[in-house]
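# Chains, contacts and geometry: an overview
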Amino acid sequence: MEFFNFRKKLEEKGIFKDNLMVDNLIKVEKLINSELSSKILASEIKFSELLLKISVNEISDVILFLKSDKRLKFKQLIDIAAVDYPNEEKRFELVYLLLSLENNQRVKVSVKFEPNEKIPSITKVYPSANWMEREVFDMYGIKFINHPDLRRILTDYNFKGHPLRKDFPLTGFNEVRYSEKEKKVIYEPVKLEQNYRNFDFSSPWEGTNYQKQIKKSEKNEKN
């Protein structure tokens, strides 16, 4: 009986913490919308996290405000995630994941844009964004304006394409091998060496065609 009472108290305590966290996020949401009313397209709270939707032109201002405001203190950039929606006009979406250790709160900043658009770099606000933006550029081909060193970070310099795009072929475009003739690693277009197999579906009691041909050739040799 004591165990169940203890468990019930823990559950009530957990529910109380979740409700308190949501209440705090609602206050944060109201604060951000009041300060950045013209820059926030939409906002919502899901899974105890606040999501802000903004346009490309507002990235720098919104990110800087979230970090520098003394009431919010989102001083840590956890990650920059990208998503590819090939059938939509605004094909790509970037999601910035921010954390406030002092307030124990998280916020996600989402922005959708067309493939040819260039995104403002946030390396001056969060220096750790340097490698994160390079990874997004390498995997998706999304370009960042004013990035100090925008080049590939996970694939090789001569790699063709961007692997996490939905239209990237599973086999890739190029393959790498060591050439004994040139004594170096070379790039070549992908070649599928294994030919398609032709299966013979003849009755197993009669024998397959190639077995019949073998038997005929053996008889001819004997004669």
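To keep things clear, this report deals only with the structure shown in the data block. Think of each chain on its own: its residues are numbered from 1, step by step along the sequence as written. Only residues with pLDDT of 70 or above have their local features reported here, since the model is predicted, and side-chain atom pairs are shown and tallied only from 80 upward, although totals for entire chains, interfaces and linings are computed over all residues. The side-chain values count all of the structure's non-hydrogen atoms but skip hydrogen atoms and water molecules.

## Focus on the overall build of the chain
Broken down by element type, the chain carries four helices and nine strands. By definition, any uninterrupted DSSP run of H or I lasting at least four residues is a helix, any uninterrupted run of E lasting at least two residues is a strand, and each is numbered from the N terminus. Mapped from its N terminus to its C terminus, the chain presents α and β elements in the order α-β-β-α-β-β-β-β-α-β-β-β-α. Within the chain, contacts between residues at least 6 apart in sequence are counted, and of these 44% link residues at least 24 apart. Any pair of residues with heavy atoms lying within 4.5 Å of one another is described as a contacting pair.

## Remarks on the nonpolar core
Ranked by internal contacts, the top residues of the largest apolar core, which has 39 residues, are L66, L94, Y96 and I142. For this core, the secondary-structure elements that each account for two or more residues are α1 (2-35), β2 (49-54), α2 (59-68), β3 (76-84), β4 (92-100), β5 (105-113) and α3 (129-140). What makes a nonpolar core is a set of buried Ala, Val, Leu, Ile, Met, Phe, Trp, Tyr and Cys residues whose side-chain atoms join them at distances within 4.5 Å. The cut-offs for exposure are 20% and 50% of the maximum accessible area for each residue type, with area from a 1.4 Å probe on protein chains only; residues under the lower value are buried, those over the upper are exposed, and the others partly exposed.

## Overview of the layout of surface pockets
A volume near 200 Å³ is recorded for the largest pocket. For the lining of the largest pocket, the secondary structure elements donating two or more residues are β2 and β5. Per-element accounting of the lining of the largest pocket gives the leading share, four residues, to β5. Ten residues, namely Ala, Val, Leu, Ile, Met, Phe, Trp, Tyr, Cys and Pro, are considered nonpolar, four, namely Asp, Glu, Lys and Arg, are considered charged, and the remaining ones, Gly among them, are considered polar. Among the residues forming the lining of the largest pocket, the class breakdown is five nonpolar, two polar and five charged. Detection works on a 1 Å grid of protein atoms alone, calling trapped sets that fit a 1.4 Å probe cavities and calling open sets with protein on both sides within 12 Å along at least five of seven lines pockets, with lining residues defined by an atom within 4 Å of a point. Grid points are joined across faces, edges and corners, and a volume is the space filled by probe spheres set on the points.

## Considerations on the environment of K160
As for its position among the elements, K160 is in the loop between β7 (144-145) and β8 (174-179). Contact partners of K160, with chain neighbours within four places excluded, come to R152, F168, F173 and N174.

## Regarding the sheet that holds strand β1 (residues 40-46)
If you trace the five strands from one edge of the open sheet to the other, you get β1-β2-β5-β4-β3, paired in mixed fashion. Each edge of the open sheet carries a strand with a single partner, namely β1 and β3. Ignoring strand direction, the axes of neighbouring strands in this sheet form an average angle of 20 degrees. The criterion for strand pairing is that DSSP finds at least two bridges linking the strands in question. Of the pairings in the sheet, the one linking β2 to β5 comprises five bridges and is parallel in character. By the bridge assignment for β5, I54 is matched with V111. Axis lines are fitted to C-alpha atoms, over the contacting stretch for helices. Their N-to-C directions set the angle, which ranges from 0 to 180 degrees.

## A closer look at the pairing of β8
Note: β8 against strand β9 (residues 184-189), six bridges, orientation antiparallel. Within the sheet, the bridge partner assigned to E175 lies in β9 and is E188. Between β8 and β9, which follow one another and run antiparallel, lie four residues, and K183 among them has a positive phi close to 60 degrees.

## Notes on the pairing of β5
Sheet analysis places β4 next to β5, joined by nine bridges and oriented antiparallel. Pairing of L98 across the sheet is with V107, part of β5. Linking β4 back to β5 in an antiparallel pair, the connection comprises four residues, with N104 at a positive phi of about 55 degrees.

## What to know about α3
Count 3.6 residues to each turn of an α-helix, and residues three or four apart come out pointing the same way. Taking 1.5 Å per residue as the helical rise, α3 with its 12 residues ought to reach 16 Å, and the 16 Å between its terminal C-alpha atoms agrees with that figure. Burial runs high along α3: 10 of the 12 residues are buried. Considered for burial, the residues of α3 that qualify are A129, N130, M132, E133, R134, V136, F137, D138, M139 and Y140. G141 occupies a position one or two residues after α3 and carries a positive phi of about 80 degrees. Given a helix with a known number of residues, its expected span is that number minus one, times 1.5 Å.

## Thoughts on the pattern of salt bridges
Throughout this description, the term salt bridge denotes a Lys or Arg side-chain nitrogen within 4 Å of a carboxyl oxygen of Asp or Glu. On inspection of all chains with the given rule, the structure shows 16 salt bridges. Put simply, K75 and E102 hold a salt bridge, and the shortest N to O gap is 3.4 Å. Here K75 is found in the loop between α2 and β3, whereas its partner E102 is found in the loop between β4 and β5, with 27 residues between them in sequence. On the accessibility criterion, K75 (48% relative accessible area) is partly exposed. Under the relative-accessibility criterion, E102 is labelled exposed at 51%. Across the salt bridge formed by D149 and R151, the nearest N and O atoms sit 2.8 Å from each other. Since its relative accessible area comes to 26%, D149 is described here as partly exposed. Its relative accessible area of 34% is what places R151 among the partly exposed residues. Salt bridges sharing partners connect three or more residues here, namely E35, D69 and R71.

## So, the packing of aromatic side chains
Pairing of aromatic rings covers Phe, Tyr and the six-membered ring of Trp, with a centre-to-centre limit of 6.5 Å; geometry is then stacked below 30 degrees between planes, edge-to-face above 60, and tilted otherwise. Tallying each qualifying case throughout the model produces four aromatic pairs. Between the aromatic rings of F159 and F168, the centroid separation amounts to 6.1 Å while the plane-to-plane angle is 25 degrees, which identifies the pairing as stacked. Chaining the aromatic ring pairs together yields one cluster made of F92, F113 and Y140. Over the ring of Y85 we find K112; its NZ or CZ atom is 5.0 Å from the centre of that ring. Across the ring face of F173, the terminal group of K160 is positioned such that the distance to the ring centre comes to 5.1 Å. By the criterion adopted, a ring carries a charge over it if an Arg CZ or a Lys NZ lies within 6 Å of its centre and within 35 degrees of its normal.

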